[in-house]
Amino acid sequence: MEGLLVDAVMRIGLDLGGSKIEGLALGRGGAVRARIRIDAPRDSYGATIEAVVALVGDLETQAGQRATRIGVAMPGALSPATGLVKNANSTWLIGHPFDRDLEAALGRPVRVANDANCFALSEATDGAAAGARVVFGAILGTGVGGGIAIAGRPLDGRNAIAGEWGHNPLPWPADDERPGPACYCGRRGCIEAFLSGPGLAADHEAATGARRLPEAIAAAAAAGDAAADATMARYEDRLARALAGIINILDPDVIVLGGGLSRIARLYDNVPRRWTAYVFSDRVDTDLRPPRHGDASGVRGAAWLWDAD
Ligand SMILES: [Zn+2]
C-alpha cells in the first residue's frame, strides 16, 4: 500500500453474501469514495479470505487512500464462546475464526457483525432511523431476520443472536394457524414460515390455488383483486403480531423494514394500525419506516462498525 495516504476517517465496509461480496469505502460524513461488487467464491474459506483482501486493495486504489479499519457484515455470527463462525448459510465459513484470519491477512483491525445487525446500524446511523436511540431492523425477504442498534452501536448479545426473531413462533395464533407451516429449522409455525416472501406466496397459494410472487400479490391487491387483498390483510395482521412481540420486549423508537418485502408500501400504514391491538400499552407511538439505504445497508452498516475518530 505504499504511495497511498493513510486516512483515519476513511472506513471500508464489506458485505459478504452467498453469491456476491460488496465493498464500500466511505469518507468524511459518509460520502462514498469507492464501491465494488464481486462474485463470492463458493465452498472455499481460503478463497474467501483472498477475495476479501483483494477487494480491500481495489477499494483503496480506487479511493486513493488506505483505511485503517475494516468492518464486515456476514450471515451468521461469531460465537462469543468459541470465537468461531456459526449460523452462516455460507456454510464454508462455519467453524473458522473469520475476524482473526482477516486481521492477519489484512494486517489491520477487523470487526465482523451479523448482516441484520449491520442493516439496523446503517439505518440508525444515517438512514431511515437516523437519530433514533433504539432501532429494530426487521428483514423480510427469502428469510426473516432482525437486528438491533442502540445509541448508534449494534447489540450482539450474550449468544450473538440478539434480534433473531424469525424462529420464534407466530404470536397469538388463530386456530387455522396452528401448528402452522413447516420451517427448515425443524419446527412449525415460525414467524419466518409465515412472513418470508416464500411464506407469503405459500399462504396465497393455499387460499387461492394460484402461485404468485409476493410482488405480484401486492400489485394485484392494489389493482382491486379481492383474494390478493385478503392475503395481504392476513400478512399484515401476522406482521403486526410479530412486531408487537418485539415492541413489548424491546420497545424500539423506530422499526425499519428491510428485504424485498419492505417495498410493499401498504405495510407502513396497515401494520401500525393493527399492532395497537396486541401491544401492551394504552397507545403505540413506535414508527414503522421503509429503509433509506435498502440493499446497501449491509455494507454501509459494516463500515459504521467502527466509530469515527
Ligand atoms: Zn423456524
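To keep things clear, this report deals only with the structure shown in the data block. Keep in mind that what you see is a predicted model, and the values were worked out from it rather than measured.

### Digging into the nonpolar core
Then step 1. Residues Leu-140, Trp-165, Leu-195, Leu-239, Leu-243, Leu-267 and Trp-275 are the most contacted members of the largest nonpolar core, which totals 37 residues.
Then step 2. Where this core is concerned, the elements lending two or more residues are strand E10 (134-140), strand E11 (144-150), helix H4 (191-195), helix H6 (214-222), helix H7 (226-250), strand E13 (254-258) and helix H8 (267-275).
Then step 3. At 10 residues, the largest contribution of residues to this core is made by H7.
Then step 4. In this structure Leu-267 touches Met-232, Tyr-235, Glu-236, Leu-239, Leu-257, Leu-261, Pro-272 and Leu-288, once residues within four positions along its chain are discounted.
Then step 5. Judged by nonpolar contacts, the second largest core, of 31 residues, contains Val-52, Ala-63, Ile-70 and Val-112.

### Observations regarding the coordination of the zinc ion
Then step 1. Binding of the zinc ion to the protein goes through His-167 (ND1), Cys-183 (SG), Cys-185 (SG) and Cys-190 (SG), at separations of 2.1 to 2.3 Å.
Then step 2. One can describe the donor arrangement at the zinc ion as tetrahedral, given that its 4 donor atoms subtend angles of 102 to 120° at the metal.
Then step 3. Mapped onto the sequence, the donors of the zinc ion take the spacing H-x15-C-x1-C-x4-C. Highlighted residues: His-167 in the loop between strand E12 (153-154) and H4 and Cys-185 in the loop between E12 and H4, separated in sequence by 18 residues.
Then step 4. A relative accessible area of 32% places Cys-185 in the partly exposed class.

### Some points on the pairing of strand E9 (residues 110-114)
Then step 1. Extensive coverage of E9 is indicated by the burial of 4 of its 5 residues.
Then step 2. When strand E6 (residues 70-74) meets E9, the two strands line up parallel, connected through 5 bridges. Looking at E9, one finds that Ala-73 is bridged to Ala-113.

What counts and how
Residues numbered from 1 in each chain as written. Predicted model: local features only at pLDDT ≥ 70, side-chain atom pairs only at ≥ 80, totals over all residues. Heavy atoms only, no water. Core = buried A, V, L, I, M, F, W, Y, C linked by side-chain atoms within 4.5 Å. Buried < 20%, exposed > 50% of the residue type's maximum accessible area, 1.4 Å probe, protein only. Helix = DSSP H or I, 4+ residues; strand = E, 2+ residues; numbered from the N terminus. Contact = heavy atoms within 4.5 Å. Donors = N, O, S within 2.8 Å, 3.2 Å for Na, K, Ca; no water. Tetrahedral: all angles 85-135°; square planar, octahedral: opposite > 155°, others 65-115°. Pairing = 2+ DSSP bridges.

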